[in-house]
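Remarks on the overall topology
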Amino acid sequence: MDKLAVVGNGPLRGMVRISGAKNAALPILCSALLTKEPCTFTNVPQLNDARTIVRLLMQMGIAAERTESAKVEICAEGLSNPVAPYDLVKTMRASVLVLGPLLARWGVARVSLPGGCAIGTRPVDQHLKGLEALGAEVRLTAGYIEAKCPRLKGAHIVMDMVTVTGTENIMMAATLADGVTIIDNAAREPEVVDLANCLIAMGAQIKGAGTDRIEIVGVQDLKGVHYRVMPDRIEAGSFLCAAAATGGDVTLLGAPVHAMGAVLEKLREAGCSLSISGEQINITRKAGLKAVSARTAPHPAFPTDMQAQLMAMNCVAEGTSHITETIFENRMMHVPELQRMGADISIENNIAI
Ligand code: UD1
């Protein structure tokens, strides 16, 4: 869809079921490359990025199909072409998630470098550093990452910074390596845990997902799986911010409450009432909205993917807030658009006031 037309009509009210998490679905779909057996994934959101991964797998000669609206079936029995071409990778940087699994299972991968993207340069040096530590020979030629290794070997890897897809790529590769791999300074995001749970269901030996040290004992092969993707904490948080901004009364069904601590805390601080029961969250507010400051950082801190929504909410709140972006260097692109709608925002380096 190229255009969304929104006609404001006051407070949002109603119930909404949360879809599967995009950032969990993408690596989970790629994990099917690690086994020759069929895999079935449910709760896969219907988004362009999920479609791109399915297209990418099909282009590699793998049987991949969305058989129902939220169900994708993949069987990576054979592979004709271990390549992720530029025209797909440029539309979605997460395509780099095929690198680790291809290398682990087939010993060879050719993946286009993502290049620049709208929220900054986003290098993949940590992915490559980790795979090299596992014994891969990595070359950069003509805009492509070319990696090979007949069999990866477990290693101790200390990530220079917390990277979500970097941790996922290395964790997937290590499931089929010889021996033990330890990833230190690993990302603790709930989507990393969801991927680890899927891999464990396939027979992988992984401990510590959700902490900053993940330990993987390589196994000979993995089996097929039937796995349900976790719900999307960013979608859930976005609905809550929209309800808060409009002073509505909204109930989320199937929300990943356990993964949303920092966002729920900010909404309470802003004066919202949250009533939580199991996977259901109801949000209302009696009084005016208070501006709240936040600083983005790796999980469990406030997520960068909720930064714009919180800022939009702050634009209609009482008082002044400081929003500090620490993950991406160019993630304030919504600011000029909010300003065009009359928002009072100034930017000082990575802080929006
Ligand atoms: C993932 C999420 C994205 C989210 C981001 C941060 C997916 C598909 N996407 O993106 O929605 O905004 O986490 O929570 O899960 N970096 C390097 N070298 C690397 C890798 C990363 O310098 O090799 C830097 C990046 O430029 C960035 C920071 O590390 O400044 C974090 O990026 P990373 O966690 O890797 O983001 P993604 O995994 O791409």
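Look up a bit, the structure's there.
Quick notes on the rules
Residues numbered from 1 in each chain as written. Predicted model: local features only at pLDDT ≥ 70, side-chain atom pairs only at ≥ 80, totals over all residues. Heavy atoms only, no water. Pairing = 2+ DSSP bridges. Helix = DSSP H or I, 4+ residues; strand = E, 2+ residues; numbered from the N terminus. Axes fitted to C-alpha atoms, helices over the stretch in contact; angles between N-to-C directions. Contact = heavy atoms within 4.5 Å. Near = heavy atom within 4 Å. Polar contact = N/O pair within 3.5 Å; in protein donor to acceptor, adjacent residues only side chain to side chain. Areas by Shrake-Rupley, 256 points an atom, 1.4 Å probe, with all protein chains shown as cover. Nonpolar A, V, L, I, M, F, W, Y, C, P; charged D, E, K, R; others polar.

1. Focus: the sheet that holds strand S2 (residues 38-42)
On the basis of which strands lie adjacent, the open sheet formed by 4 strands has the order S3-S4-S2-S13 and mixed pairing. The open sheet has two edge strands, strand S3 (63-68) and strand S13 (226-228), and neither has a second partner. The average undirected angle you get between the axes of adjacent strands in this sheet is 20°. The sheet contact formed by S2 and S13 spans 3 bridges and is parallel. Opposite Thr42, over in S13, you have Arg228 as the bridge partner. Together, S3 and strand S4 (71-75) form the strand contacts of helix H2 (residues 48-59), whose direction differs from that of S3 by roughly 145°.

2. Considering the site of the ligand
Near the ligand there are 19 residues, and of these Gln126, Thr163, Thr165, Asp305 and Ile327 occur at the shortest range. Within the side chain of Asp305, a nitrogen or oxygen atom sits 2.5 Å from an oxygen atom of the ligand. Residue Arg331 places a side-chain N or O atom 3.5 Å away from an oxygen atom belonging to the ligand. Within the complex, the protein chains bury 88% of what would otherwise be the 740 Å² of accessible surface of the ligand. Counting residues per element, the ones that place at least two in the shell around the ligand are helix H5 (125-133) and helix H6 (164-174). Tallying contributions element by element places H5 first for the shell around the ligand, with 3 residues. Residues belonging to the shell around the ligand are distributed by class as follows: 8 nonpolar, 6 polar and 5 charged.

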